[in-house]
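Here is what each chain is made of, one letter per residue.
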Amino acid sequence: MAVTSGKEGKSSTSAMDQGKYVRYTAEQVEALERLYHDCPKPSSIRRQQLIRECPILSNIEPKQIKVWFQNRRCREKQRKEASRLQAVNRKLSAMNKLLMEENDRLQKQVSQLVYENGYFRQQLQNASIATTDTSCESVVTSVKHQQQNHLTPRDPPRDTSPAGLLSIAEETLTEFLSKAKGNAVEWIQMPGMKPGPDAIGIVTISHGCTGVAARACSLVSIEPTKVAEILKDRTSWLRDCRSVDVLTAFSTGNGGTIELLYMQMYAPTTLASARDFWTLRYTSVLEDGSLVVCERSLSGTQGGPSMPAVQHFVRAEMQPSGYLIRPCEGGGSLIHIVDHMDLEPWSVPEVLRPLYESSTVLAQKVTMAALRHLRQIAQEVSSDVVLGWGRQPAALRTFSQRLCKGFNEAVNGFADDGWSLMGNDGMDDVTILFNSSPSKLLGPQFASSDGLPALGGGILCAKASMLLQNVPPALLVRFLREHRSEWADSNIDAYSAASWKSSPCTVPTSRIGGFGSGQVILPLAHTVEHEEFLEVIKLENNGLTQEEALLSRDMFLLQLCSGIDENAVGACAELVFAPIDASLADSSPLLPSGFRVIPLDSGIDGSSPNRTLDLASALEIGSAGTRSSVDYCGNSSNLRSVLTIAFQFTFENHLRENVASMARQYVRGVVASVQRVAMALAPSRLGSHLGPRLPPGTPEALTLARWVCQSYRFHLGVELLRPNSEVNESVLKTLWHHSDAIMCCSLKSLPVFTFANQAGLDMLETTLVALQDISLEKILDDNGRKSFCSDIAQIMQQGYAYLPAGVCVSSMGRPASYDRAIAWKVLNEEENAHCIAFMFMNWSFV
């Protein structure tokens, strides 16, 4: 029973009506809690139904039950907020500790530099006072003697016994700790990295040391032993790592473990050789409970066992590197990561040497990749998330790894995987490799997969590399992703998809841009910082003949895209895809193809990849007109990058030469298309002195945004945006981030959308490119279509119309309701009707 605090003689009902406090019995609270977990926000009808179904609540007013649910939701919200604030506080405390340690290190470095400065000043004064050559000679002799003592190794080379390896391991540990917490290397802040509660960590790079080096400090909510286990498994998080083989492992007397490793790394492009490492890894626990995993190369200077050179690999050297993992108060770990390598840049063409001489590149590809992987694992462990197509994050992460590994194998074409070189046709612009043992590449588990037994042949790879000038990698890959029809051939896609079926189609003729229709991008998963995402591409109605239409009826691509987010500016950008079956089974074989664009300049790309653009139409204009229309930033006027393209195809033995000819022709066509796209994306040299414009966008988008806002003010007499948005760039930026869904529709017999802000794209579940394939009729329900037909005359005459509440349908088929909407006529400079703009307010998915 519910006991009230009303006076004796007054009924409990009257007390509730007067807003008195209600005390619930334990049974009632338990029943309400059960109901809350089933439905946290019941409607009035549902609350009345609850009272009828649960007799123990029969004496409580529905109004009071409504108040209880409101209070319960409020307590839940407060609990979640308190938990979030506690997590932020722990992270800030840990970051503060790291910053204090960094400050202490820098103070010690300053003191050391001040001491050395005074010492050298004194030496210069003594040298100037000296009057005889003898004294000067003695000073020089003394300095040379000190230098010789410094350069002479203290210990002779060690043997290969466990005691000798332990001596190398202890020395490696000391040198690693001096880099992780001391001043053995001069560290400077990595450009663009600012520490803070949402930052990945404190990332620094070396200045003036041998080789390239990077260091990072961060906090992750994973226990130290688990962190060490994850980081030691390099193949799971380092995409450039081909293999790590533990050849020898033994325990030491102090509780540590020594391992001898042989590691192979992929080459990022066809223009360079792959790298390998022969290292010693030492895992131990310090006196303060910190876990240390340190590693270094074994060479003649340190002694120890040797590893003979491997064909097609350049032996690189790893200086003392590793991980210092400390337990953090309240759970989690504080991590110090140091990567220090000599990648032998002399062995690559001069144009590629910045990739092997840049500490920033090492930080992005290795050091920060380790931190991102740890953060991804921590997020997956802390929340039971099921992503696209009902898959667990770990399963989708495996797909991403397989796509990357398959593409790297295609780019490198190692002989031990079964790849052999085919002869060229007199030109060496495209390299053709074939593999008659696909099970080596795909694994024995895929040897009996659908399609492969019917091949009776193998896999063929066509690849090429080219140098690009003045094209931001992120922008290029984003364009290739959103405008597939500009470079792809639907016949080739149909052939690739049908090759996995029992009856592959005949070898087609390459025809770039032969798409019969568009593409639909279906998101699957993305990483914590959105620097990489996995998606399914549905290619609709690609068949141009009846036979092709049957073959390409259900055509899907699994696609991995990275490096196009603004947080990844300056990093490598990739677009890798592979044909898949609609079931997306875990055991599906993947044959990845795609693009990789690597910036060659150490400077951070000044352009933003979130640029609003419509380059599909820009490509149809001449080169001069195109460049002026996409002139967005002068910081990339000297930007150089290398593009690597690799496409894989299956073949039957009797058709191998035909497939090779088709692949060679196709890749040449793709290269020509990419060159045309690159010319359209390259900024104008005439406007390079103007510097960046914010927000980045084409002049067409800026003009349209201004027309939309001016027309709204003209017709309705009020401002659409805040009054301080006067500059064109600010208008576009504010319109893009407006909370309501704003869309523009063409004035055609079949109106199609030409523009939408971010909320509009979210509402329609599409992208700016796919938006142009969506008509107004598709998103409106029956009532909406009838209402629009009756209101269109009013919009054209009066200039605007208010639309009642209704429901739209997204491109994914999901209904989205809105409270009300406004439609108005957008006028251009000559006050002629340009398009119709819609604003859907307070929308949400049903």
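Criteria and thresholds
Residues numbered from 1 in each chain as written. Predicted model: local features only at pLDDT ≥ 70, side-chain atom pairs only at ≥ 80, totals over all residues. Heavy atoms only, no water. UniProt positions renumbered as here; feature names shortened; annotations may be inferred. Helix = DSSP H or I, 4+ residues; strand = E, 2+ residues; numbered from the N terminus. Areas by Shrake-Rupley, 256 points an atom, 1.4 Å probe, with all protein chains shown as cover. Expected span 1.5 Å × (residues − 1). Core = buried A, V, L, I, M, F, W, Y, C linked by side-chain atoms within 4.5 Å. Buried < 20%, exposed > 50% of the residue type's maximum accessible area, 1.4 Å probe, protein only. Contact = heavy atoms within 4.5 Å. Salt bridge = Lys/Arg side-chain N within 4 Å of Asp/Glu carboxyl O. Disulfide = S-S within 2.5 Å. Pairing = 2+ DSSP bridges.

As recorded in an unreviewed UniProt entry, the protein chain goes by the name Class III HD-Zip protein, listed as coming from Nothotsuga longibracteata. Its UniProt record, at the heading Subcellular location (unreviewed entry), says of the protein chain: "Nucleus". Annotation of the protein chain in UniProt includes, under Sequence similarities (unreviewed entry), the sentence "Belongs to the HD-ZIP homeobox family. Class III subfamily."

Peer 1: With reference to specific residues and values, describe the overall build of the protein chain.
Peer 2: Looking only at helices and strands, the protein chain has 24 helices and 30 strands in total. Put simply, the protein chain shows about 40100 Å² of open surface, and 52% of that area lies on carbon and sulfur atoms.

Peer 1: Tell me about helix 10 (residues 393-412), and please be specific about residues and values.
Peer 2: In this model, helix 10 (20 residues) spans 29 Å end to end at C-alpha, consistent with the 28 Å of a helix rising 1.5 Å per residue. One or two residues past the end of helix 10 sits G413, with phi positive at roughly 60°.

Peer 1: Got a sec to walk through the nonpolar core? Specific residues and values, please.
Peer 2: Counting residues in each nonpolar core, the largest one holds 53 residues, and the members touching the most others are L720, F753, W824, F838 and F840. Element by element, the count of residues in this core is highest for helix 19 (residues 699-716), at nine residues. Contact partners of F838, with chain neighbours within four places excluded, come to A741, I742, M743, C745, L776, F788, L803, I822, A823 and W824. Within the second largest apolar cluster, 51 residues are counted, among which are V477, C561, A660 and M662.

Peer 1: Which residues make up the pattern of salt bridges, and what are the values?
Peer 2: Summed over all chains, the structure comprises 27 salt bridges. The salt bridge involving E380 is made with R397; its shortest N-O contact spans 2.4 Å. You can see E380 sitting in helix 9 (residues 359-382) and its partner R397 sitting in helix 10, a full 17 residues away along the chain. Between K405 and E409 there is a salt bridge, and its shortest N-O distance comes to 3.8 Å. You can see K405 and its partner E409 sitting in helix 10, four residues apart, about one turn around the helix. Using a relative accessible area of 7% as the deciding quantity, one classes E409 as buried.

Peer 1: For the state of the cysteines, give the residues involved together with the corresponding values.
Peer 2: Counted according to the given criterion, the structure contains zero disulfides. With no disulfide of its own, C744 lies closest to C835 among cysteine sulfurs, the gap being 4.2 Å.

Peer 1: Tell me about the pairing of strand 13 (residues 333-342), and name the residues and values.
Peer 2: The buried fraction of strand 13 amounts to nine of the 10 residues, a majority that puts the element mostly inside the structure. For strand 5 (residues 212-220) and strand 13, the ladder comprises nine bridges, and the chain directions are antiparallel. Considered in strand 13, the bridge of A216 is made with I337. Taken together, the two bridges between strand 11 (residues 317-318) and strand 13 define a ladder with antiparallel strand orientation. Note on strand 13: the bridge partner recorded for E317 is D342. Here strand 12 (residues 321-327) pairs with strand 13 via six bridges, running antiparallel. Across the sheet, residue Y323 finds its bridge partner in strand 13, namely I337.

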